[in-house]
Amino acid sequence: MTFIKKLNEAWHTNDSLLCVGLDPDLNKLPVHLRNQPDAILQFCIAIIDATAASACAFKPQIAYFAALRAEDQLEAICEYLRAHYPHLPIVLDAKRGDIGATAEQYAREAFERYGADAVTVNPYMGHDSIAPYLEWKDRGAIVLCRTSNPGGSDLQFMQIDGTPLYQHVARLVAEKWNSNGQCGLVVGATFPHELAQVRAIVGNMPLLVPGIGAQGGDVQATVTAGKTADGSGMMINSSRAILYATPDPATGEDFAQAAQRVALATRDEINRYRAGAG
């Protein structure tokens, strides 16, 4: 099954546009896990089991694992996802961008080592740096377009013939690079106007939308700006707000139950604004 087909089925089967980001930070893990040799694995599996019913995808951020020399735990987490939740896409957030021969190795890392369904990539070096990912016809390449960080404007909003660079990227991907229908774009929830502009350019292409939750993006504005005609089309990512949700002492929640509560509430908030899509 291709990435795009799996994502479409996940949107409808789980009635969700929520993507749960996996950004493990040892300093924020529950105290009883921090000294365990497989703390990250235990933590992420608990989060996955608690939130899978509310999610359309999971997005592990590779730097959080690599910095802790935990790539083996990331492999195990991806294997767990494939075994227990094969209907949910794995989007490896790596933001790779390098020349062709090196990009081939990055593609193998994402798709062979981790078994990801899609990977985030940087378009700055042009098509030949993206092409190796597109050789994997059943996988996805999600291209940075209008990112959620304030500094993204330094380059992405530069004007070229009166049009901002991020719109050139969106059009380039939609009209030239997406010939096999396997591309998506990263567009931040912190810029809903730009999100709407990208949606108008790329039609039904899937968008990975970071920036709600801890980054403060507005859910209603995000859904209104980015949804497709059928009320789908987005993986709206939340990481820290779900991973490190504060347990309610009145109910005796543990960290996973708190994550489950926040994920469900986030999915339901997103769904309130999907109604009457068009």
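From a predicted model like this one, the values you see are computed outputs, not experimental measurements.

Caption draft 1: Broad picture of the overall build of the protein. A count of helical and extended segments in the protein gives 12 helices and 10 strands. Relative to its full complement of 278 residues, the protein shows a buried share of 55%. Sequence separation of 24 or more characterises 72% of the internal contacts of the protein that already satisfy a separation of 6 or more. Total accessible area on the protein stands at roughly 11900 Å², and carbon and sulfur atoms take up 50% of it. Of note, the protein has its 23 positive side-chain charges centred 2 Å away from the centre of its 30 negative side-chain charges.

Caption draft 2: The pairing of strand S5 (residues 140–146), seen in detail. In terms of burial, S5 is largely enclosed, as seven of its seven residues are buried. Bridging between strand S4 (residues 118–121) and S5 involves four bridges; their strand directions are parallel. When the sheet's bridge partners are listed, Val 121 is paired in S5 with Val 143. Read as a crossover between parallel neighbours, the route from S4 over helix H6 (residues 127–134) to S5 is right-handed. Examined bridge by bridge, S5 and strand S8 (residues 183–187) share five bridges and lie parallel to one another. Paired with Ala 141 across the strands is Cys 183, a residue of S8.

Caption draft 3: Molecular detail of the packing of helix H5 (residues 100–113) against H6. Between H5 and H6, whose axes approach to 8 Å, the crossing angle comes to 35°. Crossing handedness for the pair H5 and H6: right-handed. Facing H5, whose interface residues are Gly 100, Ala 103, Glu 104, Tyr 106, Ala 107 and Phe 111, H6 presents Asp 128, Ser 129, Pro 132 and Tyr 133.

Caption draft 4: Expanded view of the packing of aromatic side chains. On inspection of all chains with the given rule, the structure shows six aromatic pairs. Relative to Tyr 244, the ring of Phe 43 lies with its centre 5.9 Å away and its plane at 10°, an arrangement referred to as stacked. Residue Phe 43 is located in helix H2 (residues 39–51), and its partner Tyr 244 is located in the loop between helix H11 (240–243) and helix H12 (255–272); the two are separated by 201 residues in the primary sequence. No difference in accessibility class separates Phe 43 from Tyr 244, as the two residues are buried. Connected via pairs of aromatic rings, a cluster forms that spans Phe 43, Tyr 244 and Phe 255. Between Arg 146 and the ring centre of Tyr 166, over which it is positioned, the NZ or CZ distance is 5.8 Å.

Caption draft 5: View of unusual backbone geometry. Despite not being glycine, Asp 15 has its phi angle at roughly 50°, a positive value. For Asp 15, the location among the structural elements is in the loop between helix H1 (3–13) and strand S1 (18–22). For Asp 15, a relative accessible area of 42% puts it in the partly exposed group. Even without being a glycine, Lys 95 presents a positive backbone phi close to 50°. Mapped onto the fold, Lys 95 is located in strand S3 (residues 91–96). On the accessibility criterion, Lys 95 (39% relative accessible area) is partly exposed.

Caption draft 6: Representation of the packing of helix H9 (residues 192–202) against helix H10 (residues 219–226). The contact between H9 and H10 brings their axes to 8 Å, and the two run at 15°. Between H9 and H10, the interaxial angle falls into the category roughly parallel. Considering only the axes of H9 and H10, their crossing is right-handed. Between H9, through Pro 192, Leu 195, Ala 196 and Arg 199, and H10, the contact on the second element is made entirely by Ala 221, Thr 222, Ala 225 and Gly 226. Of the residues that constitute the contact of H9 with H10, the class distribution is five nonpolar, two polar and one charged.

Caption draft 7: Examining the nonpolar core more closely. Counting residues in hydrophobic clusters, the biggest one holds 93 residues, and the most contacted among them are Leu 185 and Met 235. Considering each element in turn, this core owes the most residues, nine residues, to H2. For Leu 185, the residues in contact, after removing those within four places along its chain, are Ile 142, Val 143, Cys 145, Ala 170, Val 173, Val 198, Val 202, Met 205, Pro 206, Leu 207 and Leu 208.

The rules behind these values
- Residues numbered from 1 in each chain as written.
- Predicted model: local features only at pLDDT ≥ 70, side-chain atom pairs only at ≥ 80, totals over all residues.
- Heavy atoms only, no water.
- Helix = DSSP H or I, 4+ residues; strand = E, 2+ residues; numbered from the N terminus.
- Buried < 20%, exposed > 50% of the residue type's maximum accessible area, 1.4 Å probe, protein only.
- Contact = heavy atoms within 4.5 Å.
- Areas by Shrake-Rupley, 256 points an atom, 1.4 Å probe, with all protein chains shown as cover.
- Lys, Arg positive; Asp, Glu negative; His and termini not counted.
- Charge placed at Lys NZ, Arg CZ, Asp CG, Glu CD.
- Pairing = 2+ DSSP bridges.
- Right-handed = clockwise from strand over helix to strand, strands pointing away.
- Axes fitted to C-alpha atoms, helices over the stretch in contact; angles between N-to-C directions.
- Left-handed = near helix turned anticlockwise from the far one by under 90°.
- Phe/Tyr/Trp six-rings, centres within 6.5 Å; stacked < 30°, edge-to-face > 60°.
- Lys NZ or Arg CZ within 6 Å of the ring centre and 35° of its normal.
- Parallel < 35°, antiparallel > 145°, perpendicular 65-115°, else oblique.
- Nonpolar A, V, L, I, M, F, W, Y, C, P; charged D, E, K, R; others polar.
- Core = buried A, V, L, I, M, F, W, Y, C linked by side-chain atoms within 4.5 Å.

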